[in-house]
Amino acid sequence: MKSNRPDFIVHLTNKPLLIIISLQLALVGSIGFDELGLSVPLLREVIGFVYLTFVPGFLIFTIFKVNHENATETLLYSVGLSLAFLMFVGALINSLYPLVGIPDPISEIPLFATFSTVTLILCMILYFRTLRTRFDVSVSLNSSHLPPLLFLLLIPFISIFGSYLNRYFNNSIILLSLLIIIASIPLLVAFDKIPSKLYAFAIFIISISLLYFGTLHTPYLTGRDSNWEYYIANLVKSTHRWDPKIPFKGYAMLGITMLRPIYSIITGLSLNDVYKLTAPLIFSFVPLGIYEVARRQTTDDKIAFLSSFFFMSFWSFYTKLAQLYRQQLAMLFLILLILSITHMKADGKKTKHSLLILFFSFGLITSHYGTSYLFMFILIGVVILLAITEKSFFFKNIRSSLSANFAIFYVILAMGWYMYVASGSLLATVAKIGEHIITNIRTAFFSPELSGMRWVTRELYSPSYEILRWLHYLTLVFIFIGLLLIIYRMGKKSYREEQSQSFQIEHILFSILCVSLLLAWVVIPTGSPIDLARVYPVTLLWLAPICIVGGLFIIRSLAKLFGPHLSEKDALIILALFFGIFLLFNSGFVPAVTGEYQYMDSLAKANIEKANPYLKADFYSGYYTDKEVYGAKWLAENRETKYKVYAGWSSVLLWSYGEIPRFNNWPPEESEIYYTITSSSTISDFDEKSYIYLREINYIDHVMINTEEKWKEKRVYYDISALIKEVDRFRNKIYSNRGSVIYS
């Protein structure tokens, strides 16, 4: 008879201090080696990342003595608390150190000295606490877990190797194999080929593999917003100071102004590598948080796994969100906030969980204004609905752990932070509270040119794209049916009397408002389809497990109507197969096989040079070549900052690698910004003392995308052949590398 006794146990009992002190000394040693010119490759980078990401938060969490039974939740809370700690302490020393004669607080010595000192103090507190209490976290595995564990460990390496093969040789065969492997994992879970103890690990592995699949096809930033984020973070790192008085919301986001520069300075990684390598690792904890929330709401590990897999399969996760670094952080803090609220009701330890909620609220608010305000409005609606339901006879036995006090606290903190810190004047902003909130929600998630209904009705490029849209419709049906089913069960007398661990009232009300929000986003004339890809994933933090519940119910109901009785396991297998297919369509695997229009940039790269100039322009609007980046860096080093720079709308790499500010009120004060070349531009529109920067798609293919028309239903491109002839004739070419050209 086979024994179930574990063969391998990781057991920590009062040992964390030894590990933490060892990490501290190792980090000191690695920095010392770097200073002596004896750096060991990856040593400082790895130790620094582990130290910053886990150590401060783990110490704080352990001192709180909230819960040590669940290793995954301990890990999640440690990460969230660490990030909030770095942001808060960074902002604090930025304000205090100059007052005591330290002019460069955001530099290596002040940062490392501060974090080391605070860490040692926390270690001392924890040491005296563990004399009276027992710390106990263990992870046990047996020999049957080894094959699936090794299988899962292989997946990120396939993702990284495949991405580099695609980057340098335009060969995507390994990435396509990766997608097949990941799509098969839900079926392996449904057939019990992966043990439940490895579900959390599998989710993290899938998450980081998909994020690297979506981002490592290029060594540079992608998208627009990431480039101005980089500019701000680089400004803080190079000046060793954060100036919160600059009147722009981005300067009030500590994830940009504190967290990224701190990671770069302590780990020794370039700021570019911090964004490209460490940010996906941190964002990978969001699906893990969804898994833990769903597990507590449904008490079913397989449903929780599929909930997280559904979230990760959505294309926005590894494309749109993968380049929106401030929203990544905000979503991490938000899922931890949801988990803390869920945990607080289950455990009943309100004081300790309130401290966690305080930390994560601060992290959410200071990471991204749009996500924080979105949550604020939903929270207010939930509190109002709770007040109604608690007074109703139908739900009189249902009690909530959320209070109006928390909503008031959150509103004051959110509005106060962005009104005061971002604007620098409390009196001037109090009069503009309503306008400020509405403007920020619109600029974060809305594009006035479009109606959200076009996301539903717009013409798509291929049959695969059309099938993908209908697959999304089906998941929305799952969500709607699942929510109705849960509301029905909540209203039953047996549910009210038992108060079981099924979906908590808070989660249900949040979900109701999220569905209402999505409907409004589609109907409201100012809702943009591209930005729906940012809102929808936020709502899935609550709706993902409801989708799985609804999907299982529909499958079993259809089986009863048209066939024999279907077991829960059979229904789960069918749903797992559906989400495997869902991933293959979302990730661009299907059009890569059929040869249709490829909507996934990481897979489109392999054949983009064979495409017509307009498809190339579309692709390169968010993808930068080595030569284009070299040209931008040359401009950063050699330009007269007081001269204007003219470039195409898609040349936003000038913000990051060209070090050109986005707005005139950004430092340095004497620096001019870059101005967009439009379809009507002529040589007479350019200042005599200015620069003209052209990318390869502009100079070689003579194509640009118009500024205003980019986000309309059909993208419009224009030919700049005549303009280039004028520029060649009347301006001086001062730089050319056959991939980018600069004129003066």
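### Thoughts on the overall build of the chain
The helix and strand inventory of the chain stands at 32 helices and nine strands. Counting every position in the chain, which comprises 744 residues, the buried fraction comes to 58%. Long-range pairs, those at least 24 residues apart, make up 77% of the contacts in the chain between residues at least 6 apart in sequence.

### A few points about the packing of aromatic side chains
Taken as a whole and judged by the stated rule, the model has 48 aromatic pairs. With 5.8 Å between their ring centres and 80 degrees between their planes, Phe-88 and Phe-362 make a pair best called edge-to-face. Taken as a pair, Phe-88 in helix 3 (residues 71–96) and Phe-362 in helix 15 (residues 350–365) lie far apart in primary sequence, 274 residues in all. Judged by its relative accessible area of 15%, Phe-362 falls in the buried class. Grouped by ring-pair contacts, the aromatic residues Trp-228, Tyr-231, Phe-248, Tyr-251, Phe-663 and Trp-666 constitute a single cluster.

### Some words on the nonpolar core
Counting residues in each nonpolar core, the largest one holds 224 residues, and the members touching the most others are Phe-305 and Leu-541. For this core, the element with the highest residue contribution is helix 24 (residues 529–562), accounting for 17 residues. Formed by 14 residues, the second largest nonpolar core is a distinct cluster that contains Ile-720, Leu-723, Val-741 and Tyr-743.

### A short note on the packing of helix 7 (residues 199–215) against helix 11 (residues 285–298)
Closest axis-to-axis distance for the helix 7/helix 11 pair is 8 Å, and the angle between their directions is 150 degrees. Every pair of crossing elements has a handedness; the one defined by helix 7 and helix 11 is right-handed. Contacts from Tyr-199, Ala-200, Ile-203, Phe-204 and Ser-207 in helix 7 reach Phe-285, Pro-287, Leu-288 and Tyr-291 in helix 11. In terms of residue class, the contact of helix 7 with helix 11 is made up of eight nonpolar, one polar and no charged.

### Remarks on the pattern of salt bridges
One pass over the structure, following the stated rule, counts 13 salt bridges. As a salt-bridge pair, Arg-296 and Glu-73 come within 2.8 Å of each other at their nearest N and O atoms. You can see Arg-296 sitting in helix 11 and its partner Glu-73 sitting in helix 3, a full 223 residues away along the chain. Overall, Arg-296 belongs to the partly exposed group, its relative accessible area being 22%. Between Arg-695 and Glu-628 there is a salt bridge whose closest N-O contact spans 2.9 Å. In this pair, Arg-695 sits in strand 5 (residues 690–695) while Glu-628 sits in helix 29 (residues 626–638), placing the two residues 67 residues apart along the sequence. The same class applies to Arg-695 as to Glu-628, namely buried. Each of Asp-34, Arg-44 and Glu-108 takes part in one network of salt bridges that share partners.

### Section: helix 28 (residues 613–620)
Among the residues making up helix 28, those that are buried are Lys-616, Ala-617, Asp-618, Phe-619 and Tyr-620. The inward-facing, buried residues of helix 28 contact helix 27 (601–604), strand 5, helix 31 (696–699), strand 6 (703–705) and strand 7 (717–719).

### Focus on the sheet that holds strand 8 (residues 733–736)
The strand order across the open sheet built from five strands is 4-3-5-9-8, with neighbouring strands paired in mixed fashion. In the strand order of this sheet, the two ends are held by strand 4 (674–676) and strand 8, each with one partner. The sheet shows a mean angle of 25 degrees between the axes of neighbouring strands, direction not considered. With three bridges joining them, strand 3 (residues 644–647) and strand 5 adopt parallel strand pairing. Each residue of the ladder has a partner; that of Val-645, found in strand 5, is Tyr-691.

### Digging into the packing of helix 8 (residues 225–239) against helix 10 (residues 271–283)
The geometry of helix 8 relative to helix 10 is characterised by a closest axis approach of 10 Å and an angle of 130 degrees between their N-to-C directions. Considered as vectors, helix 8 and helix 10 are oriented oblique to each other. Between helix 8 and helix 10 the crossing geometry is right-handed. Only Leu-271, Asn-272 and Tyr-275 of helix 10 make contact with helix 8, whose side of the interface consists of Glu-229, Tyr-230, Ala-233, Asn-234 and Lys-237.

### Structural notes on unusual backbone geometry
The bulk of non-glycine residues show a negative phi, and the bulk of peptide bonds are trans. Residue Pro-668 is reached from Pro-667 by a cis peptide bond, and omega for that bond is -5 degrees. The backbone phi angle of His-240 is positive, close to 65 degrees, even though this residue is not glycine. By the element assignment, His-240 lies in the loop between helix 8 and helix 9 (254–267). For His-240, a relative accessible area of 28% corresponds to the partly exposed category. Located in the positive-phi region is Glu-659, a residue other than glycine, with phi close to 55 degrees. Within the secondary structure layout, Glu-659 lies in the loop between helix 30 (653–656) and strand 4.

### Things to note about the side chain of Arg-695
Under the relative-accessibility criterion, Arg-695 is labelled buried at 0%. A polar atom in the side chain of Arg-695 sits 2.6 Å from the backbone oxygen of Tyr-623.

### Remarks on the confidence of the model for the chain
Looking at the chain as a whole, its pLDDT mean stands at 85, while 84% of the residues score no less than 70. Per-residue pLDDT stays below 50 along residues 447–451; that stretch engages in 17 contacts with residues further than four places along the chain or on separate chains. Contacts for the low-pLDDT stretch residues 525–530, under 50 throughout, to residues beyond four places or in other chains number 20 contacts.

### With respect to the pairing of strand 8
Relative to strand 9 (residues 740–743), strand 8 is paired through three bridges, and the arrangement is antiparallel. Bridge pairing links Tyr-735 to Ile-742 in strand 9. Joining the antiparallel neighbours strand 8 and strand 9 is a turn of three residues, in which Arg-738 adopts a positive phi near 65 degrees.

### Quick look at helix 8
For helix 8, with 15 residues, the first-to-last C-alpha span of 22 Å sits near the 21 Å given by 1.5 Å per residue. Of all 15 residues in helix 8, eleven are buried; the element is thus mostly enclosed. Of the residues trailing helix 8, His-240 is marked for its positive phi of about 65 degrees.

Conventions used here
Residues numbered from 1 in each chain as written. Predicted model: local features only at pLDDT ≥ 70, side-chain atom pairs only at ≥ 80, totals over all residues. Heavy atoms only, no water. Helix = DSSP H or I, 4+ residues; strand = E, 2+ residues; numbered from the N terminus. Buried < 20%, exposed > 50% of the residue type's maximum accessible area, 1.4 Å probe, protein only. Contact = heavy atoms within 4.5 Å. Phe/Tyr/Trp six-rings, centres within 6.5 Å; stacked < 30°, edge-to-face > 60°. Core = buried A, V, L, I, M, F, W, Y, C linked by side-chain atoms within 4.5 Å. Axes fitted to C-alpha atoms, helices over the stretch in contact; angles between N-to-C directions. Left-handed = near helix turned anticlockwise from the far one by under 90°. Nonpolar A, V, L, I, M, F, W, Y, C, P; charged D, E, K, R; others polar. Salt bridge = Lys/Arg side-chain N within 4 Å of Asp/Glu carboxyl O. Pairing = 2+ DSSP bridges. Parallel < 35°, antiparallel > 145°, perpendicular 65-115°, else oblique. Polar contact = N/O pair within 3.5 Å; in protein donor to acceptor, adjacent residues only side chain to side chain. pLDDT = per-residue confidence, 0-100. Expected span 1.5 Å × (residues − 1).

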